[in-house]
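Chain residues, written in single-letter form:
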Amino acid sequence: MTSPFWVRFVAFIKSKFADGIDGREMGAKRQRLIDQGPPFYGSSPSSSFMYNPPPYGYVNQPPPFPVVRLRGLPFDCTEADVAEFFHGLDIVDVLFVHKNSKFTGEAFCVLGYPLQVDFALQKNRQNMGRRYVEVFRSKRQEYYKAIANEVSDAHGGSPRRNIPRAKSHDEGKDSAEHTGVLRLRGLPFSAGKDDIMDFFKDFVLSEDSIHLTMNSDGRPTGEAFVEFANAEDSKAAMAKDRMTLGSRYIELFPSSQEEMDEAVSRGR
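In this text, all values refer to a predicted model and were calculated from it rather than measured experimentally. (Residues numbered from 1 in each chain as written. Predicted model: local features only at pLDDT ≥ 70, side-chain atom pairs only at ≥ 80, totals over all residues. Heavy atoms only, no water.)

## Considerations on the overall build of the chain
Scanning the chain from N- to C-terminus turns up nine helices and ten strands. Partitioning the intrachain contacts of the chain with sequence separation of at least 6 by distance along the chain shows that 65% fall at a separation of at least 24. With the model as given, the accessible surface of the chain reaches about 14,600 Å², and the carbon-plus-sulfur share is 50%. (Helix = DSSP H or I, 4+ residues; strand = E, 2+ residues; numbered from the N terminus. Contact = heavy atoms within 4.5 Å. Areas by Shrake-Rupley, 256 points an atom, 1.4 Å probe, with all protein chains shown as cover.)

What follows is the structure, encoded as structure tokens:
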């Protein structure tokens with residue numbers, strides 16, 4: 001039986017989407033989607049860069065929510081892998097599903113507009129690495145419920161597992177040893193070294209100190225490594241963790257020269 005909390009929470013999320021207002025209180029993980037605004041409810045082409053006219057001629061009703069569910073993903077899957085899998089489609093958000101703090105191999109992917117769902121479904125049972133991935137049509141309510149579960153995890157909805165999980169994520173960053181190297185995750189695929197230098201404009205960086213990682217096809221992974229002048233600067237730069245670059249929030253992690261070299265060489 002659905003608890004009153006979930007009913008209230010889903011209603012809250014629906015109101016945020018319907019009103020098109022900033023929903024930062026939903027948590028940083030969904031910030032990119034909220035900041036962009038729902039692309040298929042724009043009132044004019046200028047209201048959102050992702051706006052597209054309803055392709056099916058909807059009258060006096062909103063078009064379907066463009067979300068698909070994926071099953072059978074590799075357990076080391078990243079947002080960049082999902083974006084590559086749906087290459088050519090507009091990826092608004094990727095939400096990985098967890099249970100007992102472990103990735104289930106499932107995810108929800110929100111697309112730019114309803115017509116793209118049909119194209120996404122054509123990827124059903126195609127391979128990502130060595131695994132074939134199933135793609136299903138999903139619903140707005142299923143996506144909202146998945147968000148609610150993730151937010152509940154972060155705020156202690158399940159005392160058995162969620163509070164330690166949220167604390168360990170941030171405390172791990174705080175207690176990690178700094179070597180002067182930071183790993184960035186969640187970069188726009190169009191981001192260049194100039195964008196990263198501007199993101200860290202309070203620090204002295206050169207283009208040679210920034211390393212954008214690529215996949216085996218030579219495409220950006222959405223990650224990068226930055227070498228700072230010293231460990232003190234990299235620790236101070238962690239204040240930028242989860243701040244936005246363009247429409248995306250950027251996660252920062254203390255890293256090392258070895259991890260950076262391995263990631264850069266892997267792209268080569």
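More follows now that the structure is in view.
## Description of the side chain of Glu 223
Position of Glu 223 relative to the elements: it lies in strand β8 (residues 220–227). Taking relative accessible area as the criterion, Glu 223 reaches 18% and is therefore assigned buried. Within the local environment of Glu 223, its side chain forms a polar contact with the side chain of Arg 183, the two groups lying 3.4 Å apart. (Buried < 20%, exposed > 50% of the residue type's maximum accessible area, 1.4 Å probe, protein only. Polar contact = N/O pair within 3.5 Å; in protein donor to acceptor, adjacent residues only side chain to side chain.)

## Comments concerning the nonpolar core
Judged by nonpolar contacts, the single largest core of 19 residues is most densely connected at Val 68, Leu 70, Leu 73, Phe 86, Phe 96 and Cys 109. With four residues, the top contributor of residues to this core is strand β3 (residues 102–111). If near-sequence neighbours (up to four positions away) are discounted, Leu 73 is found in contact with Phe 96, Phe 103, Gly 105, Glu 106, Ala 107, Met 128, Arg 131 and Val 133. Counting residues in hydrophobic clusters, the runner-up holds 18 residues, among them Leu 184, Phe 200, Phe 203 and Val 226. (Core = buried A, V, L, I, M, F, W, Y, C linked by side-chain atoms within 4.5 Å.)

## Considering the sheet that holds strand β10 (residues 248–254)
Taken in spatial order, the five strands make up an open sheet running β7-β8-β6-β10-β9, and their pairing is antiparallel. Each edge of the sheet is formed by a strand with only one pairing partner; in this case those strands are β7 (210–214) and β9 (243–245). Each strand axis lies, on average, 35° off the axis of its neighbour in the sheet, ignoring direction. Sheet topology places β7 next to β8; four bridges connect them, and they run antiparallel. Note that in β8 the partner of Ile 210 across the bridge is Val 226. Its contacts with the sheet put helix α9 (residues 257–267) on β6 (181–185), β7 and β8, and the angle it makes with β8 is roughly 145°. (Pairing = 2+ DSSP bridges. Axes fitted to C-alpha atoms, helices over the stretch in contact; angles between N-to-C directions.)

## As for the confidence of the model for the chain
In this model, the chain carries an average pLDDT of 75, and 68% of its residues clear a pLDDT of 70 or more. Contacts from residues 16–29, a stretch scored under 50 in pLDDT, to residues over four places away or in other chains number 29 contacts. Predicted confidence is poor over residues 157–169, with pLDDT under 50, and the contacts of this stretch with residues over four places away or in other chains come to 24 contacts. (pLDDT = per-residue confidence, 0-100.)

## So, the sheet that holds strand β5 (residues 131–137)
Spatially, β2-β3-β1-β5-β4 is the arrangement adopted by the five strands of the open sheet, whose pairing is antiparallel. The open sheet has two free edges, formed respectively by β2 (91–99) and β4 (126–128), since each of these has just one partner strand. If you compare each strand with its neighbour and ignore which way they point, the axes differ by 35° on average. Relative to β5, β4 runs antiparallel, the two being bridged by three bridges. Bridging across to β5, Met 128 finds its partner in Arg 131.

## Here's the deal with the packing of aromatic side chains
Summed over all chains, the structure comprises eleven aromatic pairs. Each ring, one from Phe 65 and one from Tyr 144, has its centre 6.1 Å from the other, and the planes form 55°; the classification is tilted. Separated by 79 residues along the polypeptide, Phe 65 in the loop between α2 (31–36) and β1 (67–71) and Tyr 144 in helix α5 (residues 140–154) bring together distant segments of the chain. Of the residues examined, Phe 65 reaches a relative accessible area of 8% and is grouped as buried. An angle of 65° between the planes, with centres 5.1 Å apart, marks the rings of Phe 85 and Phe 86 as edge-to-face. A single burial state applies to Phe 85 and to Phe 86, both of which are buried. (Phe/Tyr/Trp six-rings, centres within 6.5 Å; stacked < 30°, edge-to-face > 60°.)

## Remarks on the pairing of β6
The buried fraction of β6 amounts to four of the five residues, a majority that puts the element mostly inside the structure. Of the pairings in the sheet, the one linking β6 to β8 comprises five bridges and is antiparallel in character. Bridging from a neighbouring strand, Leu 182 pairs with Val 226 of β8. With four bridges joining them, β6 and β10 adopt antiparallel strand pairing. In the strand pairing of β10, Leu 184 is matched with Leu 252.

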